[in-house]
Amino acid sequence: MGHKNYVYQCFAFDNRIKQYFYPGEDFERFKKEMDMEERLVLALEMFFDEEAFMPALVHKIEELLGEGNFIYDFWEFGDDDFSLYWYIKKSVYHEKMKLIRQWVKFEELEEFVWFEELDA
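What you see is a predicted model, and the numbers here were worked out from it, not measured in a lab.

### Topic: the side chain of Asn-15
Moving on, step 1. Examined against the element boundaries, Asn-15 turns out to sit in the loop between β1 (6-14) and α1 (25-28).
Moving on, step 2. We classify Asn-15 as buried; its relative accessible area is 8%.
Moving on, step 3. A distance of 3.0 Å separates a polar side-chain atom of Asn-15 from the backbone oxygen of Asp-79.

Rendered as structure tokens:
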């Protein structure tokens with residue numbers, strides 16, 4: 001599938017966001033000393049549990065992006081943060097990034113969410 005009409009966007013989140021956005025039990029199980037296999041198992045469990053923190057956050061971002069405007073791509077876990085990646089349609093990119101920025105401000109999550117708006 002070609003992605004030439006999309007912008008590849010990363011959204012980074014401080015792990016502390018879970019205390020403010022959704023205190024999901026699965027995410028609380030994440031520990032810095034987990035090896036990559038343990039992290040993968042935990043990530044997959046969270047991804048398929050619709051009530052868990054990660055699916056709830058992904059759903060909220062996708063709700064803001066609007067159906068048909070994105071392709072969800074990937075996630076990465078780090079010790080202190082994690083990232084989520086989407087392809088966002090160029091035709092709505094700046095409008096949707098503004099909406100996400102407004103949501104972050106409204107929810108008072110500025111210190112927990114960061115992303116760079118790219119040229120589209």
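Once you've had a look at it, read on.
### Concerning the pairing of β1
Moving on, step 1. Of all the nine residues making up β1, seven are buried; the element is thus mostly covered by neighbouring parts of the structure.
Moving on, step 2. Taken together, the nine bridges between β1 and strand β3 (residues 81-89) define a ladder with antiparallel strand orientation. Of the residues in β3, the one forming a bridge with Tyr-6 is Lys-89.
Moving on, step 3. Pairing geometry for β1 and strand β4 (residues 113-114), over two bridges, is antiparallel. Its bridge partner being in β4, Phe-13 is matched across the sheet by Val-113.

### Section: the environment of Tyr-72
Moving on, step 1. If you trace the backbone, Tyr-72 turns up in strand β2 (residues 70-77).
Moving on, step 2. In sequence terms Tyr-72 and Tyr-87 are 15 residues apart; their C-alpha atoms lie 6.4 Å from each other.

### Regarding the pairing of β2
Moving on, step 1. Across seven bridges, the pairing between β2 and β3 is antiparallel. The partner of Phe-74 across the bridge, within β3, is Tyr-85.
Moving on, step 2. Counting the residues in the hairpin turn of β2 and β3 gives three residues.

### Regarding the sheet that holds β2
Moving on, step 1. Reading across the sheet, the four strands line up as β2-β3-β1-β4 and stay open at both edges, with antiparallel pairing between neighbours. The open sheet has two edge strands with one neighbour each: β2 and β4.
Moving on, step 2. Contacting β1, β3 and β4, helix α4 (residues 93-106) crosses the sheet at an angle of about 10° to β1.

### Considering the nonpolar core
Moving on, step 1. Counting 26 residues, the largest nonpolar core has Phe-11, Phe-13 and Trp-86 as its most contacted members.
Moving on, step 2. Where this core is concerned, the elements lending two or more residues are β1, α3 (53-65), β2, β3 and α4.
Moving on, step 3. It is α3 that provides the largest number of residues to this core, a total of six residues.
Moving on, step 4. Each residue touching Trp-86, except ones within four places of it in the same chain, is listed here: Val-7, Tyr-8, Gln-9, Phe-11, Val-58, Ile-61, Glu-62, Leu-65, Phe-70, Ile-71, Tyr-72 and Asp-73.

### Structural notes on unusual backbone geometry
Moving on, step 1. Backbone geometry at Glu-108 places phi at a positive 55°, although glycine is not the residue there.
Moving on, step 2. Residue placement: Glu-108 occurs in the loop between α4 and β4.

### What about the pattern of salt bridges?
Moving on, step 1. Tallied over the entire structure, the rule returns five salt bridges.
Moving on, step 2. Between Arg-101 and Glu-117 there is a salt bridge, and its shortest N-O distance comes to 3.1 Å. In this pair, Arg-101 is assigned in helix α4 and Glu-117 in the segment after β4, connecting sequence segments 16 residues apart.
Moving on, step 3. By relative accessible area, Glu-117 is classed as partly exposed at 30%.
Moving on, step 4. Within this structure, Asp-14, Arg-16 and Glu-111 form a network of salt bridges that share partners.

The rules we used
- Residues numbered from 1 in each chain as written.
- Predicted model: local features only at pLDDT ≥ 70, side-chain atom pairs only at ≥ 80, totals over all residues.
- Heavy atoms only, no water.
- Helix = DSSP H or I, 4+ residues; strand = E, 2+ residues; numbered from the N terminus.
- Buried < 20%, exposed > 50% of the residue type's maximum accessible area, 1.4 Å probe, protein only.
- Polar contact = N/O pair within 3.5 Å; in protein donor to acceptor, adjacent residues only side chain to side chain.
- Pairing = 2+ DSSP bridges.
- Contact = heavy atoms within 4.5 Å.
- Axes fitted to C-alpha atoms, helices over the stretch in contact; angles between N-to-C directions.
- Core = buried A, V, L, I, M, F, W, Y, C linked by side-chain atoms within 4.5 Å.
- Salt bridge = Lys/Arg side-chain N within 4 Å of Asp/Glu carboxyl O.

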